[in-house]
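# Inside the fold
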Amino acid sequence: VSVEKPQDTWLVAAYACQRRSPLPNNNQLLTDALETLAEEAHFCGHEGRSLAFSRASSVLKALPRTVRRVQELDSLPCLGEHSKRVIQEVLEDGTSAEVETIRQSEKYQAMKLFTKIFGVGVKTAHQWYQEGRRTLDDLRGHPAQLSKEQQAGLIHYEDLNTPVKRADAEAIGQVVREAVNKCLPGASVTLTGGFRRGKPSGHDVDLLITHPVEGQEAGLLKKVIACLDQQGFLLYHSIHRNTFESLEDSDQEPSSHASSMDQYERCFSIFCLGDLPGDAQEGAGAEKPSRVRRTSGASRFWKAVRVDLVVTPYSQFPFALLGWTGSRIFERDLRRFAKREKKMLLNSHTLYHLEQSRVYRFPQGIERMRRK
Ligand code: GTP
Ligand code: MN
Ligand code: MN
């Protein structure tokens, strides 16, 4: 909770999960600078440093007003010396020399370009950079060296780096809902990720699928994908198998490794979205463009959109929903808060009391959440 104090300073909680996270950002210039530093640290493999800059940015996003003087920051948590120095520079000069140098550096630009390709992480991007590659055309020249995912990422690079609008996300949600219900009546599809946080646009569409009868969801993803593929909705998909060991079968403490990846069965896909905004207004007589798979052409009626599909057993759905809603910093802090302040282990599957060795169940969880 952030409370405005009279003398122009703010009280902001140190854990992101304890403060309001309003959508309007009153300090975009400052948070952009800090996020560039976070990104650069990430590109160099300095995760701790990267996280520190991300946290600093997250704190500024919680402020109800634009920061004018660096003294206003004295009461704020998570702002290190380095962050404060950069903030002061931007406040005084409108820009930070350090940040500008990074933004103009050849390495940062290449790393940014490459990591924006679907299926490319920092490791691969860095390797390409070391090999002297700098442009997408440098990569297109050697398609055999790319994974199927990366090839698809390159083909649809422009589209996949164009923000997805909420209306498109909802249209895709509806298409998936219809396919899911054809395969398994009674199953539900929930839009999560940034859109669930109220963002008007995002980089992808995150959908959670479940069925109120535990166990019914088994094998569903494969069927749904086949159904969507048959209708021509999919430009790319890869299914990753669930490797979660049921807690039911073990009284062992769930593993607490740092990875934020969960173990649900999921599909990373690229959808072909046919009906772009505007088509709807063309009236009944207009030819419906629908999903056309065209790889070239001047006038396109479709757009490639990244979609994450995740299937969860009903009993774990509340934790999956919480874990997939984001933001990344919010999730990290929620887990850190659970562990440090509550002695609990939280992940996208479960909540576990470390001292009482107790797993929290959520039997009527979904109904209770729906009623709210
Ligand atoms: P944009 O898509 O960029 O608009 O933002 P977003 O917040 O929706 O990000 P993203 O789609 O990358 O992820 C949504 C949320 O799901 C984030 O909080 C991630 O931390 C979380 N998430 C992404 N992948 C995984 C995963 O494999 N496992 C778990 N548990 N969470 C994940
Ligand atoms: Mn998302
Ligand atoms: Mn996602």
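Residues numbered from 1 in each chain as written. Chains lettered and ligands numbered in written order. Predicted model: local features only at pLDDT ≥ 70, side-chain atom pairs only at ≥ 80, totals over all residues. Heavy atoms only, no water.

Let's shift gears to the site of ligand 1. Around ligand 1, a shell composed of 19 residues is seen, among which Gly194, Arg197, His203, Asp204 and Gly326 lie nearest. At 3.4 Å from an oxygen atom of ligand 1 is found a main-chain nitrogen or oxygen belonging to Gly326. Broken down by secondary-structure element, the contributors of at least two residues to the shell around ligand 1 are α12 (317-325) and α13 (328-342). (Near = heavy atom within 4 Å. Polar contact = N/O pair within 3.5 Å; in protein donor to acceptor, adjacent residues only side chain to side chain. Helix = DSSP H or I, 4+ residues; strand = E, 2+ residues; numbered from the N terminus.)

With that settled, the discussion passes to the coordination of the manganese ion (ligand 3). Of the protein atoms, only Asp204 (OD), Asp206 (OD) and Asp308 (OD) coordinate the manganese ion (ligand 3), at distances of 2.1 to 2.3 Å. The sequence motif formed by the donor residues of the manganese ion (ligand 3) is D-x1-D-x101-D. The metal-metal distance between the manganese ion (ligand 3) and the manganese ion (ligand 2) is 3.7 Å, with Asp204 coordinating both. Note that Asp204 is positioned in the loop between β5 (201-202) and β6 (205-210) and Asp308 in strand β9 (residues 303-311), a separation of 104 residues in sequence. Here Asp204 and Asp308 have matching classes, each one buried. (Donors = N, O, S within 2.8 Å, 3.2 Å for Na, K, Ca; no water. Buried < 20%, exposed > 50% of the residue type's maximum accessible area, 1.4 Å probe, protein only.)

On to the sheet that holds strand β10 (residues 344-346). In space, the three strands of this open sheet follow the order β10-β11-β12, with antiparallel pairing throughout. Only two strands of the sheet have a single partner each, and these edge strands are β10 and β12 (358-360). Pairs of neighbouring strands in the sheet enclose a mean axial angle of 20 degrees, with direction left out of account. Sheet topology note: the strand β11 (residues 351-353)/β12 ladder contains three bridges and is antiparallel. Looking across to β12, one finds that Leu351 is bridged to Tyr360. Packing of α13 onto the sheet brings it into contact with β10 and β11, and relative to β10 it is tilted by some 165 degrees. (Pairing = 2+ DSSP bridges. Axes fitted to C-alpha atoms, helices over the stretch in contact; angles between N-to-C directions. Contact = heavy atoms within 4.5 Å.)

On inspection of all chains with the given rule, the structure shows 11 salt bridges. For Glu100, the salt bridge goes to Arg103, with nearest N and O atoms at 3.2 Å. Taken together, the residues Glu100 and Arg103, both in helix α4 (residues 97-104) and three residues apart, mark about one turn of the helix. What makes Arg103 partly exposed here is its relative accessible area of 28%. A salt bridge links Arg133 to Glu131, with the shortest nitrogen-to-oxygen separation between them at 3.1 Å. Bridged by salt links that share partners, the residues Arg55, Asp333 and Arg336 form one connected network. (Salt bridge = Lys/Arg side-chain N within 4 Å of Asp/Glu carboxyl O.)

Moving on, we get to the confidence of the model for the protein chain. Per-residue pLDDT for the protein chain averages 88, and the proportion of residues at 70 or more is 83%. Counting contacts from residues 245-259, a segment whose pLDDT is below 50, to residues more than four positions away or on other chains yields 11 contacts. The model gives residues 292-298 a pLDDT under 50, and that stretch makes 10 contacts with residues more than four places away or in other chains. (pLDDT = per-residue confidence, 0-100.)

Further remarks concern the side chain of Asp204. Buried and unpaired, Asp204 has Arg306 as its nearest opposite-charge partner, separated by 4.2 Å. Sequence-distant contacts of Asp204, that is, excluding residues within four places in its chain, are made with Val164, Phe195, Arg306 and Asp308. (Lys, Arg positive; Asp, Glu negative; His and termini not counted.)

In this section: the sheet that holds strand β4 (residues 188-192). Taken together, the five strands give an open sheet; going across it, the order is β4-β6-β9-β8-β7, and neighbouring strands pair in mixed fashion. Lying at the two open borders of the sheet, with one neighbouring strand each, are β4 and β7 (234-240). Adjacent strand axes in the sheet meet at a mean angle of 20 degrees, parallel and antiparallel pairs treated alike. Judged from the five bridges that link them, β6 and β9 form a sheet pairing that is parallel. Considered in β9, the bridge of Asp206 is made with Asp308. Across the sheet, helix α8 (residues 148-155) is in contact with β7 and β8 (265-273); its angle to β7 comes to roughly 150 degrees. Along the sheet, α12 contacts β4, β6, β8 and β9; its crossing angle with β6, the most-contacted strand, is approximately 175 degrees.

Counted under the stated rule, the structure contains four aromatic pairs. Arranged with centres 5.8 Å apart and planes meeting at 50 degrees, the rings of Phe43 and Tyr108 form a pair that is tilted. You can see Phe43 sitting in helix α1 (residues 28-43) and its partner Tyr108 sitting in helix α5 (residues 106-115), a full 65 residues away along the chain. Pair check on accessibility: Phe43 and Tyr108 agree, each one buried. (Phe/Tyr/Trp six-rings, centres within 6.5 Å; stacked < 30°, edge-to-face > 60°.)

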